[in-house]
Each structure stands twice: as structure tokens, then as C-alpha cells.
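Inside the fold
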Amino acid sequence: MKAVRIHGYHQQPVVDEVPEPTVKGPFDVVVKIGGAGVCRTDLHIIEGQWQAAMNPALPYTLGHENAGWVHEVGSAVTNVAVGDTVILHPLITDGVCRACRAGDDMHCADGSFPGLSHDGGMAEYLLTSARACVKLDPQTQPKDVAALADAGITAYHAVRKAIPLLYPGTSCVVIGAGGLGHIGVQCLAALTATRIIVVDRNPDALKLAGQIGAHHTVIADGGQVDAVNEMTDGGADVVLDFVAEQGAENDGWAMTRPAGSYFVIGYGGTLQVPTLDIISTERNVVGNIVGTYNDLAELMALAEGGRVTLHTKTYPLAAAADAVADLDAGRVRGRAILVP
Ligand SMILES: [Zn+2]
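Since the structure is predicted, the reported quantities are computational estimates derived from the model, not experimental observations.

Conventions adopted
Residues numbered from 1 in each chain as written. Predicted model: local features only at pLDDT ≥ 70, side-chain atom pairs only at ≥ 80, totals over all residues. Heavy atoms only, no water. 1 Å grid on protein atoms, 1.4 Å probe; cavity = no way out; pocket = protein on both sides within 12 Å on 5 of 7 lines; lining within 4 Å. Points joined across faces, edges and corners; volume = space filled by probe spheres on them. Nonpolar A, V, L, I, M, F, W, Y, C, P; charged D, E, K, R; others polar. Donors = N, O, S within 2.8 Å, 3.2 Å for Na, K, Ca; no water. Tetrahedral: all angles 85-135°; square planar, octahedral: opposite > 155°, others 65-115°. Helix = DSSP H or I, 4+ residues; strand = E, 2+ residues; numbered from the N terminus. Buried < 20%, exposed > 50% of the residue type's maximum accessible area, 1.4 Å probe, protein only. Arc of directions from axis to C-beta. Contact = heavy atoms within 4.5 Å.

Another aspect to go through is empty space enclosed by the protein. In this structure the tally under the stated criterion is one cavity of 30 Å³ or more. The calculated volume of the largest cavity comes to roughly 50 Å³. Together, Gly63, His64, Glu65, Asn66, Leu88, His89, Pro90, Pro114, Leu126 and Thr128 line the largest cavity. Of the residues assigned to the lining of the largest cavity, the class counts are four nonpolar, five polar and one charged.

Donor atoms from the polypeptide that coordinate the zinc ion comprise Asp94 (OD), Cys97 (SG), Cys100 (SG) and Cys108 (SG), at 2.0 to 2.4 Å from the metal. Considering all four donor atoms around the zinc ion, angles at the metal cover 97 to 121 degrees and the coordination shape is tetrahedral. In the primary structure, the donors to the zinc ion are separated according to the pattern D-x2-C-x2-C-x7-C. With Asp94 in the loop between strand 6 (85-88) and helix 3 (98-101) and Cys108 in the loop between helix 3 and strand 7 (125-129), this residue pair connects regions lying 14 residues apart in the sequence. A residue is classified by how much of its surface remains accessible, and Cys108, at 11% relative accessible area, is buried.

Now for helix 12 (residues 320-328). Along an α-helix, residues three or four apart share an orientation, since each turn contains 3.6 residues. Within the span of helix 12, buried status applies to Ala320, Ala323, Val324, Asp326 and Leu327. An end-on view of helix 12 places all buried positions within 165 degrees of arc, on one side of the element. Looking at the buried residues of helix 12, the elements they touch are strand 1 (2-6), strand 3 (28-38), helix 1 (40-46), strand 15 (312-316) and strand 16 (335-339). One or two residues past the end of helix 12 sits Gly330, with phi positive at roughly 75 degrees.

The structure is reproduced here in C-alpha cells:
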């Protein structure tokens, strides 16, 4: 089969001919890929940023945002059958550790991450496990929803955690209305009664945000902190920062009101805050990484009900290098999806 593999850091991935994966363990599932999203994390992998954390053996297949159809199942698999349409939680988890028993899939003591730690889904077939499969309505086209497997679940997870803080009368700032942020805005609109304020550098992104649930938009032209603090009478109750680099992280903290919470979702920057500032204002900094299996299942219920829609651009698998280059150059609106 064809697979998009990374052979070395700071090199473009290439399309190779490799053996198809097959079921080995009783809970293994092989999925025929219908869509694989291209993520900024793929750019960061190529740059070598994840090498120390994941230490994958090269070459390996990229792709951690996958949906498709079940192709083969292990002897103990009962929750899905060959032919089922599925979206995949990004992690393969053991199901028996404390984190798994608490539903906290991302912190599985023995988890692995296809596309980061070993072969992922930018290929014709992917090996995963029964626990990763969320069964979908057979009408669903995998290429239309694949981006919910990582970008979507991450945005949903942050919004889900923030719900108790976002009672009526509050305000929530979303920094960055791109691939993740435009899903976050729709989740906020569907799940909360908060006032949604979106901050972005790009006027087109703000226009889209206004159409999908933002109550106010603020152009990030240098005056965004003052604009938000005036609009919210001293800062937002919650700031969801989908950028968190190139200065956005300091803006996000400065837009958070006393006793409010600053959620870090994007990454790359460094937050520098005096500890006196933290104690005197009782502001919180909250980290977020992907989400749980149930987060993904809940998000798919929203998507199948038409409450969350994705803006995507598809590429054939063979054009993976073009998709990566387009994402790097900012030429993708919404999400780039590879279709084998
Ligand atoms: Zn576990």
C-alpha cells in the first residue's frame, strides 16, 4: 500500500510503497482510511520538535487525525465489525490503568500515539485498537469528519472543561479562529450561554467566526488587549488560546479577569508571569492536550446533528507534500485532508 513517511527531520515526507498492516492481537483493528487530516503538529514533527518526546524509529508513517471503515478485526473485538464507518481516538490505550478507568484516555500509562510514536494514518490502512473506534452513522463520509479526530476533539475538550465557568453573564475570548478555533467557537455556541469574543489577525477568519457563533470579533492589530478589556469591563472570565505563541500567550493572560482562567491549547510560546500577579488576582492557567474518548463521541453527536461543521480542502494521498507546503504557507482555510 501507499504511505506518507518521514525519513529524516527537516526533510519533506515522501510517498512509499509499504506492506499493509494486519491484525496481530485480539483487540487489534485495521481501518481502511477514508480521510487523514494534516495538522500543524505534522509540521512540528518534520521540524524535529517531537523527536525527544516520542522518539519514533524512522522512517514511519505520519497521520494522527483519521477516519475510515473497519477492514479487519481481532478475535476479541465486539464493538465494531468489518465495514463499519469509524472515527479514531488518536491514542491506542490499554483500558486497565487508573487513567483509563477514569476515562482520561490521554494519560494512559501504556498508551501509544499512531502518527507520532509509530505508523499513523496517512496511508491506505492503519492498525489501531478496538478502544479507539467511535462508530459513526454509515452515511457519514470519513473525509468530512477526519479533522474532528484531533483538531475537533482538542477544541471540544477545552470547551467541555470550561463549561462550569461559563454561566450566563460571563464572557469567553477565543484567540485564533483557524483549524481548531473555528470548531471551538461552534462548541461554545452549542454548549454554553456565554458571550463569545473572537480575536484573530486575519479578517477572513473573523468573518467566518461571526457566521458560526461569535458575538463580537476583534482584529489583532496591536490594540486587542485594550479592546477586549474595555468590552468585558476588565477581562474575560475564560480565555481559550488556540495560538499560544508569538505573543498571543501574553495577550491571553492580560485579557483574563481576576479569578478567571486562561486555557492554553496552542503551543510554542513561553508564558512569563510574576507569581505575585498569580496570587493577587487568583487567575488560573489550564493546560489542554487532545481529549477523551467520550469527548470525541460527544463531538460526533454534535457533528451528526449539524451543530459543528468543518471547513476542509482535500488532496490525494500522493499530493501529501503539497498539503504540507500549503499548510506551512498559510494557504489552507480550515483543514487539509488527505484522501487515499
Ligand atoms: Zn491506560
